[in-house]
Amino acid sequence: MGAREFTRGRRVVARLAHGGDLLEEIAAVAEEHGMRTAELRAIGALQAARLAFYDQSAHEYGEFAVDAPVELIGLLGNVSLKDGAIFVHAHATLAGHDGACVAGHVAPGCVVFAGELVLQELVGEPLEREFDEVTGLALWRDL
Ligand code: ZN
């Protein structure tokens, strides 16, 4: 376990572009407002989605497609730096027409129908990711 303190900075609210890629849209907002470390949440709807599940033994993500319009019930995640660039890590819960939900790690290819994002900047030494041998993931370093 490692932890570090941050203070709350600016809060940005954004409307995500129709047809845009969910992760790219969020990264663009963080970039535009110079937020290198932030927590995020969003709701809205997606035209289609790609989610992933991390195989803890194989150390690789398995992606699956959701090829239908869905409600974006909840998107939770954060912004930090990976290889010096803004990196968005987010998990989504999506609901179909009958309310049945799927959830997972958000992969590239989630197409926004409409989206309302809140980014909360965290002020302090920016969080940076580095490869972790044990998990095979790019985890926060110096924590
Ligand atoms: Zn994840």
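The rules behind the values
Numbering of residues starts from 1 in every chain and runs along the sequence as written. Local features in this predicted model are restricted to residues of pLDDT 70 or higher, and side-chain atom pairs are both shown and tallied only at a pLDDT of 80 or more, whereas totals for entire chains, interfaces and linings draw on every residue. With hydrogens and water set aside, each side-chain value is computed from the structure's full complement of heavy atoms. Listed donor atoms are N, O and S within 2.8 Å of the metal (Na, K and Ca: 3.2 Å). As water is not included, a site may look incomplete. Points on a 1 Å grid, built from protein atoms alone, make a cavity when a 1.4 Å probe fits but cannot get out and make a pocket when they are open with protein on both sides within 12 Å along at least 5 of 7 lines; residues with an atom within 4 Å of a point are the lining residues. Grid points are joined across faces, edges and corners, and a volume is the space filled by probe spheres set on the points. For the purposes of this entry, the term helix denotes a DSSP run of H or I that reaches at least four residues, the term strand denotes a run of E that reaches at least two, and both are numbered from the N terminus. In this count, Pro and Cys sit with the nonpolar residues alongside Ala, Val, Leu, Ile, Met, Phe, Trp and Tyr, while Asp, Glu, Lys and Arg are called charged and the others, Gly among them, polar. Between any two strands, at least two bridges found by DSSP are needed for them to pair. The buried label goes to any residue with under 20% of its type's maximum accessible area, the exposed label to any with over 50%, and the partly exposed label to all in between, with areas taken from a 1.4 Å probe on protein chains only. Any two residues having at least one pair of non-hydrogen atoms within 4.5 Å are treated as being in contact. Nonpolar core, defined: a set of buried Ala, Val, Leu, Ile, Met, Phe, Trp, Tyr and Cys residues in which side-chain atoms within 4.5 Å join the residues together. By convention in these notes, a salt bridge is any Lys or Arg side-chain nitrogen within 4 Å of a carboxyl oxygen on Asp or Glu.

Moving on to the coordination of the zinc ion. Those donors, His89 (NE2), His91 (NE2) and His105 (ND1), are the protein atoms that reach the zinc ion, and they lie 2.1 Å from it. Donor residues binding the zinc ion come from one chain and are separated in sequence as H-x1-H-x13-H.

This paragraph deals with the layout of surface pockets. Counted as a void, the largest pocket has a volume near 390 Å³. Mapped onto the lining of the largest pocket, the elements with two or more residues apiece are strand 3 (60–66), strand 5 (85–95), strand 6 (101–106) and strand 9 (138–140). The element that contributes the greatest number of residues to the lining of the largest pocket is strand 5, accounting for five residues. In terms of residue class, the lining of the largest pocket is built from 13 nonpolar, four polar and three charged.

This next bit is on the pairing of strand 5. Here strand 4 (residues 70–82) pairs with strand 5 via 11 bridges, running antiparallel. Bridged to Glu71 within strand 5 is Ala95. Between strand 5 and strand 6, which pair antiparallel in sequence order, lie five residues; one of them, Gly99, sits at a positive phi of approximately 90 degrees.

So, about the side chain of Asn78. By the element assignment, Asn78 lies in strand 4. The buried category is assigned to Asn78, whose relative accessible area is 16%. Non-local contacts of Asn78, meaning those with residues more than four positions away in its chain, are made with Ala38, Glu39, Leu40, Phe87, Val88, His89, Arg129 and Trp140.

On to the nonpolar core. Membership of the largest hydrophobic core comes to 31 residues, with the highest contact counts inside it found for Leu22, Leu46, Leu75, Leu94, Val106, Leu117 and Leu119. The set of elements that each furnish at least two residues to this core consists of strand 1 (7–16), helix 1 (22–32), strand 2 (38–55), strand 4, strand 5 and strand 7 (111–123). No other element matches strand 2, which puts six residues into this core. In this structure, Leu117 is in contact with Val12, Val13, Ala14, Leu16, Ile26, Val29, Leu40, Arg41 and Ala42, ignoring residues within four places of it in sequence.

Moving on, we get to the pattern of salt bridges. Scanning all chains against the criterion turns up five salt bridges. Across the pair Glu63 and Arg50 runs a salt bridge whose closest N-O atoms are separated by 3.0 Å. Of this pair, Glu63 sits in strand 3 while Arg50 is found in strand 2, placing the two residues 13 residues apart along the sequence. Relative accessible area serves as the criterion here: at 30%, Arg50 is assigned to the partly exposed category. Residues joined in a network through salt bridges with shared partners are Glu128, Glu130, Arg141 and Asp142.

A few words now on unusual backbone geometry. Although it is not a glycine, Asp83 sits at a positive phi angle of roughly 55 degrees. Position of Asp83 relative to the elements: it lies in the loop between strand 4 and strand 5. Of note, Asp142 is a non-glycine position whose phi angle comes to about 60 degrees, a positive value. Examined against the element boundaries, Asp142 turns out to sit in the segment after strand 9.

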